[in-house]
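# Structural description and commentary
Letter by letter, the chains look like this.
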Amino acid sequence: MRYRQLTTGTLALGVILLIDVLRVWLPGIITIFGQAASTPAELMGAFALGWFVLALGAPAVVRRVGARPVTVAAAVLLAVARLALTATPGGRTQLWLATAGLLAGLVWLVGVAADTDRPVPGLALGFAVNAALHAVLDTVDMVWRGGWLAWLLSSVAVVLFVLGTAQPGTRADGVTGTGGVRAWLLAGPALLLAAMVALSPALARTGMSYLVAGDGVARSPLFGLAPVPVAVAGFLCTALTRPPRGWSRAYGPVTLLAGAVLFALDRGDLLLPAILLAAVGLGACLALTDDASGPDGDTSNASDTASASDTSNASARAARRGYAVAAGMLVFALGAVGYYSAYDLGYPNAAVPVVVAGLVAVVAFAARPVVHRLPGPFPPLRAAAAVTALALLAPVFADDIPVASNRDGPPERLTVVAYNIRMGFGLDGRFDLPGLTEVVERQRPDVVLLSEVDRAWLLNGGHDTLDLLAGRLGMPYVFGPAADPVWGDAVLSRWPMRDPRSLPLPSVGAPTGAQALAVTLDLGDGVRTAVVSTHLQPPPGRGPVVQARAVADFATRYAAGRPLVVAGDLNTEPGDEAYAQFTDAGLADAFAAARPLATSPADDPRQQIDHIFVSPGLTPGGPVAPRSTASDHLPVAVTLTLPPR
């Protein structure tokens, strides 16, 4: 039992570290190796898949060299890479460190699989603890945090992981059984579904924010992380307890598929049921593959014992488990690349999570039921309660609730900032919340309009960038979905926001969705100002004329004669046909007096594509595009004098 606890705990720690590395490596593909919407998605996808294909050779290395030396060496490299990522300044160094950590993690999994025929408890604990920690840390993992505490906790984790891996791995009975192939095969698909849906704290908070507003938009929620402990508890309770027999075993696969289908419908109001169903279903599916049985179990166990001295058979069993986990992680990569490449290439991607869930469901349901199942290394309910208690800290400590309130009388001026934040990643490829916050706060804004806001994409590390920025700025938000319910545009304001509306824009061949988000600022004493945030996505080789016309028409109708501000990354320059759609609608360029004022790329601005347009009666002053490399765009800011009452 002591061996099983050590093996399970070490496997869980390794899974946590590997997910940490993935949360750095995946964003690096589109911010360091290439540039989203510029570098061909096929090239970035090939780079990503190549390392998982390379890992398919690891079982052959393990079979030739032996599992133990390969596992220990890979564990040390994974640990070193994980620690080094906290210190790296970004750029190519960060990308290659993360790549080395990823490859080491894949090889480590193969080595562990060779000697472990019961991985489900370790995998389940790893997924659940990582989700709980991710929630407690407000979706900003320690790898992105500096300071002595982050270094201390990271160092303790990697030391315990390396020491646990280095311990002799001899089981009390001296036997490694034939089980574990199905469970190891599901490690990759289960990781994808857990990180994208079932155990994603950022997705849970986003789902809660849709319940606040309705009408297809989202608002700052109260206790947005509250669903995370529920999902963690449901996942662990079903994963670590004995599944039912007979046809009732189908409840796990059916529940998982139902959650995946709800997620694939791309509706914000369905995110919470999708998460909870997927969490319970995924745990139940993993439990169905936990095929460790006692000496009175099926006859295959007896034959295993009889042939335990047969080194060749033992090596073949280890190789099967190694190839299974390598293939499963390749499914993880194929699913992630297939899902997120669609936003560059323009094909439907809703089937991807459903297909992956279907694979997990089929493999799980096809597993032969175990008659006499050995007890797990940890008491299931006690383990689930401990991890759930950790997750319960998140709603208490990680949920900031900014509140807007009217000042004494309406203001004379409003300072407006518009910023394409590139999902929170700076030009160096690091997740740069401090940089974003600093450049925005420097303008002392009353209202902030954000583009390229990511709230849960695994591709970008699974952060809720909007809630994080809102908390740092002390400003509530309204969010309008564009590409899907967790990627779009937002408005943050120090003044109360009323009557939010979101208009999906015609795609006209552009692969990424676009929308226009309108809100009304309540400035007190009956004074109202309309604000519209948008990010135009031009079709290949053309300007966003159709979308610009749609936004201009929507904004002027929404304002209904009130003062109006339209701003964002419009992907059009002064003099272009799309630019003219706004001026023809009677709006003025707030930066006309400061032109030329280039805003992109941030390190060498050459294009004037970020704009603020205002209606007559609003007098712009002090237009600036302050320098910063916290995104690939510069923010634009202007102070507007309101018309006299």
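Predicted, not measured: the structure shown is a model, and the values here were computed from it. (Residues numbered from 1 in each chain as written. Predicted model: local features only at pLDDT ≥ 70, side-chain atom pairs only at ≥ 80, totals over all residues. Heavy atoms only, no water.)

## Regarding the sheet that holds strand E8 (residues 528-535)
An order of E6-E7-E8-E9-E11-E10 is seen for the six strands of this open sheet, with the pairing classed as mixed. Each edge of the sheet is formed by a strand with only one pairing partner; in this case those strands are strand E6 (497-504) and strand E10 (588-589). Judged from the six bridges that link them, E6 and strand E7 (residues 515-522) form a sheet pairing that is antiparallel. Bridge pairing in E7 places Arg-498 opposite Thr-520. Against the sheet, helix H22 (residues 577-584) makes contact with strand E9 (564-569), E10 and strand E11 (610-614), and its axis sits at roughly 20° relative to E11, the strand it touches most. (Pairing = 2+ DSSP bridges. Helix = DSSP H or I, 4+ residues; strand = E, 2+ residues; numbered from the N terminus. Contact = heavy atoms within 4.5 Å. Axes fitted to C-alpha atoms, helices over the stretch in contact; angles between N-to-C directions.)

## Overview of the packing of helix H6 (residues 120-136) against helix H11 (residues 227-240)
Taken N-terminus to C-terminus, the directions of H6 and H11 make an angle of 175°; their axes are 10 Å apart at the nearest point. The orientation of H6 with respect to H11, classified from their angle, is roughly antiparallel. Within the contact between the two elements, H6 uses Val-120, Pro-121, Ala-124, Leu-125, Phe-127, Ala-128, Ala-131 and Ala-135 and H11 uses Val-228, Val-232, Phe-235, Leu-236, Ala-239 and Leu-240. Within the contact of H6 with H11, the residues separate by chemical class into 14 nonpolar, no polar and no charged. (Parallel < 35°, antiparallel > 145°, perpendicular 65-115°, else oblique. Nonpolar A, V, L, I, M, F, W, Y, C, P; charged D, E, K, R; others polar.)

## Points about the packing of aromatic side chains
The final tally for this structure, using the stated rule, is 21 aromatic pairs. Residues Phe-47 and Trp-96 carry aromatic rings whose centres are separated by 5.9 Å and whose planes lie at 75° to one another, so their mutual orientation is edge-to-face. With a gap of 49 residues between them, Phe-47 in helix H2 (residues 41-54) and Trp-96 in helix H5 (residues 91-115) connect regions that are remote in the sequence. Judged by its relative accessible area of 12%, Phe-47 is buried. Site record: aromatic cluster; members linked through ring pairs are Trp-25, Phe-33, Phe-47, Trp-51, Phe-52, Trp-96 and Phe-332. Between Arg-249 and the ring centre of Phe-365, over which it is positioned, the NZ or CZ distance is 5.3 Å. The ring of Tyr-558 carries Arg-562 above its face, with NZ or CZ at 5.5 Å from the centroid. (Phe/Tyr/Trp six-rings, centres within 6.5 Å; stacked < 30°, edge-to-face > 60°. Buried < 20%, exposed > 50% of the residue type's maximum accessible area, 1.4 Å probe, protein only. Lys NZ or Arg CZ within 6 Å of the ring centre and 35° of its normal.)

## Quick notes on the pattern of salt bridges
Evaluation of the coordinates by the stated rule reveals 16 salt bridges. Close ionic contact of Asp-138 with Arg-205 constitutes a salt bridge, the shortest N to O distance being 2.8 Å. Taken together, the residues span a long stretch of sequence, with Asp-138 in the loop between H6 and helix H7 (148-166) and Arg-205 in helix H10 (residues 201-213) at a distance of 67 residues. Note on Asp-138: relative accessible area 12%, which makes it buried. In this structure Arg-205 comes out as buried when scored by relative accessible area, which is 0%. Among the ionic pairs, Arg-205 bridges to Asp-399, the shortest N-O distance being 3.1 Å. Taken together, the residues span a long stretch of sequence, with Arg-205 in helix H10 and Asp-399 in the loop between helix H18 (380-397) and strand E2 (413-420) at a distance of 194 residues. (Salt bridge = Lys/Arg side-chain N within 4 Å of Asp/Glu carboxyl O.)

Remember, this is a structural readout, not a statement about activity or role.
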